[in-house]
Amino acid sequence: MRRGSLSSLEHELHCSVCKDIVKQPVVLPCQHSVCLMCASEVLVASGPHPPSPSMPRSPGYGTYPGRRRKEGPPLVMMYPCIPCGRDVELGEKGLADCLRNLTLERIVERYRHTVSLGSVAVMCQFCKPPQALEATKGCADCRTNFCNECFKLYHPWGTPRAQHEHIQPTLNFRPKVLTCPEHDQEKLHFYCRTCQRLLCPLCKLRRVHTGHKILPVSHAYQALKEKITKEMNYILANQDTVLGQITQLESSITQTEQLAQSIRDLTAALAERHATHTQALEMARKKRGEALAAQVAERRGLMEHTGLMAFTQELLKETDQPCFVQAARQTHNRFSKTNVGGESPLAPVIDTQHTLAYDQLFLCWRLPQDSASAWHFSVEYRRRGVVPGGASRGGVRGGLSAARWGWQRLDEVSGTSAVIDRLEMDSVYVLRVRGCNKAGYGEYSEEVYLHTPPAPGESNHRRFRCKKGSFLQRCARSVPGLSLLQAADHALTSCHLTSDLLVGDVAITQGRHYWACSVEPGSYLVKVGVGLESKLQEWFHLPQDMASPRYDPDSGHDSGAEDALDSAPPFCFLTMGMGKIYLHGNGIRDPITNGTGPSSSAGLTYPLPPRLGVCLDFEKGRVTFYDAHSLRPLWEGHVDCSGPVCPAFCFIGGGALQLQELVANRNADQTPVRRVTIQTRVSN
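Residues numbered from 1 in each chain as written. Predicted model: local features only at pLDDT ≥ 70, side-chain atom pairs only at ≥ 80, totals over all residues. Heavy atoms only, no water.

S.K.: Before we move on, can you summarise the environment of Glu443 with the specific residues and values?
M.R.: Mapped onto the fold, Glu443 is located in the loop between strand 18 (440-441) and strand 19 (448-451). Under the relative-accessibility criterion, Glu443 is labelled exposed at 56%. (Helix = DSSP H or I, 4+ residues; strand = E, 2+ residues; numbered from the N terminus. Buried < 20%, exposed > 50% of the residue type's maximum accessible area, 1.4 Å probe, protein only.)

S.K.: Hey, could you go over helix 2 (residues 36-46) for me, with residue numbers and the actual values?
M.R.: Cys38, Ala39, Val42 and Leu43 are the residues of helix 2 that are buried. One side of helix 2 holds all its buried residues, which, seen down the axis, span an arc of 130°. Exposed residues pointing more than 90 degrees away from the buried face of helix 2 are listed as Met37, Glu41, Val44 and Ala45. Buried positions along helix 2 lie against strand 2 (33-35), strand 3 (77-81) and strand 4 (86-91). (Arc of directions from axis to C-beta. Contact = heavy atoms within 4.5 Å.)

S.K.: An account of the pattern of salt bridges is requested, with residue identities and associated values reported.
M.R.: Scanning the model with the defined rule gives 14 salt bridges in all. For Arg100, the salt bridge identified is with Glu105, shortest N-O distance 2.5 Å. Residue Glu105 is classed as buried on the basis of its relative accessible area, which comes to 5%. In this structure, the salt-bridge partner of Arg409 is Glu380, at a minimum N-O distance of 4.0 Å. Residue Arg409 is located in strand 15 (residues 408-413), and its partner Glu380 is located in strand 14 (residues 376-384); the two are separated by 29 residues in the primary sequence. A relative accessible area of 48% places Arg409 in the partly exposed class. Taken together, the salt bridges that share partners define one network made up of Glu380, Arg409, Asp411, Arg432 and Glu447. (Salt bridge = Lys/Arg side-chain N within 4 Å of Asp/Glu carboxyl O.)

S.K.: I'd like a description of the side chain of Thr144, backed by residues and values.
M.R.: Residue placement: Thr144 occurs in strand 6 (residues 144-146). Residue Thr144 is classed as buried on the basis of its relative accessible area, which comes to 11%.

S.K.: Would you mind going over helix 8 (residues 306-315) in detail, with residue names and values included?
M.R.: Within helix 8, eight of the 10 residues are buried, leaving the element largely enclosed by the surrounding structure. Inspection of helix 8 places Gly307, Leu308, Met309, Ala310, Phe311, Thr312, Glu314 and Leu315 among the buried residues, and these make up the whole buried set.

S.K.: Run through the pairing of strand 32 (residues 622-627), naming residues and quoting values.
M.R.: The buried count for strand 32 comes to five of six residues, which makes it a mostly enclosed element. Here strand 31 (residues 612-617) folds back onto strand 32 in antiparallel fashion, the turn holding four residues, of which Gly621 has a positive phi close to 60°. As defined by bridge partners, strand 32 adjoins strand 33 (residues 632-638) across six bridges and the pair is classed as antiparallel. By the bridge assignment for strand 33, Phe625 is matched with Trp635. Taking the residues that link successive antiparallel strands as the turn, the strand 32-strand 33 hairpin has four residues, and the phi of Leu631 there is positive, at about 55°. (Pairing = 2+ DSSP bridges.)

S.K.: Quick one: what's the story with the sheet that holds strand 5 (residues 137-139), residue by residue and with numbers?
M.R.: Each strand in a sheet pairs with another by means of backbone hydrogen bonds, the pair being arranged parallel or else antiparallel. The strand order across the open sheet formed by three strands is 6-5-7, and the pairing between neighbours is antiparallel. Each end of this open sheet is capped by a strand with a single partner; those strands are strand 6 and strand 7 (166-167). Where strand 5 and strand 6 come together, three bridges link them in antiparallel fashion. Bridge pairing links Lys137 to Phe146 in strand 6.

S.K.: Help me get a handle on the sheet that holds strand 8 (residues 190-192), residues and values and all.
M.R.: A sheet is described by the order of its strands in space; here three strands give the open sequence 9-8-10, paired in antiparallel fashion. Edge strands, defined here as strands with exactly one partner in the open sheet, are strand 9 (197-199) and strand 10 (214-216). Across this sheet, the average inter-strand angle for adjacent strands is 35°, counted without regard to direction. Where helix 6 (residues 217-267) meets the sheet, it contacts strand 8, strand 9 and strand 10, and its direction lies at approximately 85° from that of strand 10. (Axes fitted to C-alpha atoms, helices over the stretch in contact; angles between N-to-C directions.)

S.K.: Explain the nonpolar core residue by residue, including any values.
M.R.: Most often, soluble globular proteins keep nonpolar side chains buried together rather than apart. Judged by nonpolar contacts, the single largest core of 45 residues is most densely connected at Tyr514, Val528 and Met576. Counting residues per element, this core draws most heavily on strand 24 (residues 512-519), at five residues. (Core = buried A, V, L, I, M, F, W, Y, C linked by side-chain atoms within 4.5 Å.)

S.K.: For the packing of helix 6 against helix 8, give the residues involved together with the corresponding values.
M.R.: Axis separation between helix 6 and helix 8 bottoms out at 11 Å; the angle between their running directions is 135°. With respect to helix 8, the axis of helix 6 lies oblique. Along this stretch, helix 6 crosses helix 8, giving a crossing that reads as left-handed. Residue-level inspection shows Ile228, Met232, Ile235 and Leu236 of helix 6 in contact with helix 8, the latter providing Met309, Thr312, Gln313 and Leu315. For the contact of helix 6 with helix 8, the per-class residue count stands at six nonpolar, two polar and no charged. (Parallel < 35°, antiparallel > 145°, perpendicular 65-115°, else oblique. Left-handed = near helix turned anticlockwise from the far one by under 90°. Nonpolar A, V, L, I, M, F, W, Y, C, P; charged D, E, K, R; others polar.)

S.K.: Explain the confidence of the model for the protein chain to me, and be specific about the residues and the numbers.
M.R.: In this model, the protein chain carries a mean pLDDT of 75, and residues with pLDDT of at least 70 account for 73%. Model confidence for the protein chain, summarised as mean pLDDT per element, is weakest for strand 36 (residues 677-678) at 36 and strongest for strand 11 (residues 349-350) at 94. Between residues 467-472, whose pLDDT stays under 50, and residues either more than four places distant or in other chains, the model counts 15 contacts. Low confidence marks residues 596-601, where pLDDT is under 50. Its contacts with residues over four positions away, or in another chain, come to seven contacts. (pLDDT = per-residue confidence, 0-100.)

S.K.: Talk me through the packing of aromatic side chains; I want residue IDs and the actual numbers.
M.R.: Per the counting criterion, the structure on display carries eight aromatic pairs. Seen in terms of ring centroids, Phe146 and Tyr154 are 6.1 Å apart; in terms of plane orientation they differ by 40°. Their pairing is tilted. Here Phe146 falls in the buried class, since its relative accessible area comes to 2%. With centroids separated by 5.0 Å and ring planes inclined at 75°, the aromatic side chains of Tyr221 and Phe324 adopt a geometry described as edge-to-face. Taken as a pair, Tyr221 in helix 6 and Phe324 in helix 9 (residues 321-338) lie far apart in primary sequence, 103 residues in all. Neither residue differs from the other here; Tyr221 and Phe324 are each classed as buried. The structure contains a cluster of three or more aromatic residues connected by ring pairs, namely Phe146, Phe151 and Tyr154. The ring of Tyr441 carries Arg434 above its face, with NZ or CZ at 4.2 Å from the centroid. (Phe/Tyr/Trp six-rings, centres within 6.5 Å; stacked < 30°, edge-to-face > 60°. Lys NZ or Arg CZ within 6 Å of the ring centre and 35° of its normal.)

Here's what the structure looks like:
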């Protein structure tokens, strides 16, 4: 045994009263061991006490033959246990009910023999002085020490004494086996799991143990020994690894401090930005230092139980089953409380409100409050061949391709979010997450399904034009201004509307394109869609009468549908306002049944989704509007794609919208979002 283990083992053998190695230890009801003489002195100093009303009574307390019912409760012995920090009830007999810890005595003797601690020459008790020799053997039955010659003389062959058990010479002889303190010479053959006490055959028959789970002491011995062996082997198997990790982490802390000092020296040359650099450096150093120090402390926690490990190794050498069960219970409880085996993280909870699929897939999650911390996470995803609520994509070929598509994994994700790129468009992906710490990987989260957009996501740093010029923003707001009040001042019956048109500078000439936006629920009327660049330019510079169906962006779902049924209209807009979407005309797709039906003269409304998606197929001249959160189609229309087509937004009566930001720009773009207020014009 190594020197460090010996010193830690000695700490486990100390009495909590005298602070020295225990002598004739007894086991208290709280499972702590203390010297018999120390416990007696403490009891004499404290004296007996009546039982506290809040203290649970011992099993069997009440009336029995020999005690009158009118008598008060008996005085009980209360022992102030130092490790527990509270008084422990010993019962009416005091220390007489406490079993002697023979296993601990044997461990103490082996420890003293190993380190030669307090070794005193034990002399033969039958040699006559002055020729008395040093004893070489002790007889557990005679309770006497002998030299070799005297042992042979008093234990001749062929006599019953020759069968006596010989032990190492000692000045403290102890009984060979544990016996019941209430029934003399009765051996303890049973163990009550309910009371956590050893029982003799007579104690087992008592009424207080009726209904308790009582096992043979051999079964309790085997179960406790297997549990403690498993827990100790886990610590021993990872001890060298933990020591190596502590060294590496301490080295990383030193390197971090050196790097921080080097950067501090460099910041002196940057006088204008000195304060900014210093603050950023200090925050990064503190955060990294705390993270590394926390990991060091966590790993050091595993090494704080070296003494317990040494004591457990000695405990497992015990072969006397009753003694082992009586002494091992406290050790098992300590293993459970220290949680040396570790606990893996619980299943993470995926945040569906912040998780989205656009140009890339952004996945966000969190751990439950009562979960153990995680060092890192593993994100797994795979393509699903069948879209929820629909048929298999691609027929048999698509199904076979999906069957071959296995789980892909992102390992050691440090935060609580991840970005997944290079995904196929218009596909359903299954995602799940699990955490990892010192105890290994935890459980998987519930699987979530995300539908990727039908076309590549457009960059939302697109420049748009309005009456005040051009701007490069992700948010826009239209506010009814003074022109509305001035126009309304001269009329009593006409309806005055304010309208604003935003047209994209970059036109689309080929391919499929997808973008998304969020419309403020309080907006009066907002139209989202596309139009021929030439027609949009014409309406932008020469605004027409809003009542004209040719240029009304809300005639049906767009202009021109009534004039030219055989040709695609130049505009295709979806109208929404006051928290609703207005669906009217051919091509209505019921959001509930996901099917198309005949047009209704009155149309129908649908609650405004948090995000609206627009997909333009230039070659087919088709525009599809989606609920961007679930990728459920809302409405589909056609637009004239004989020339360049531009995205456009129209505000009527005031409103606001925000374009969806690219996932790839979340970390790169730190510019705060600004809203653009647009001057309005009046039509009547």
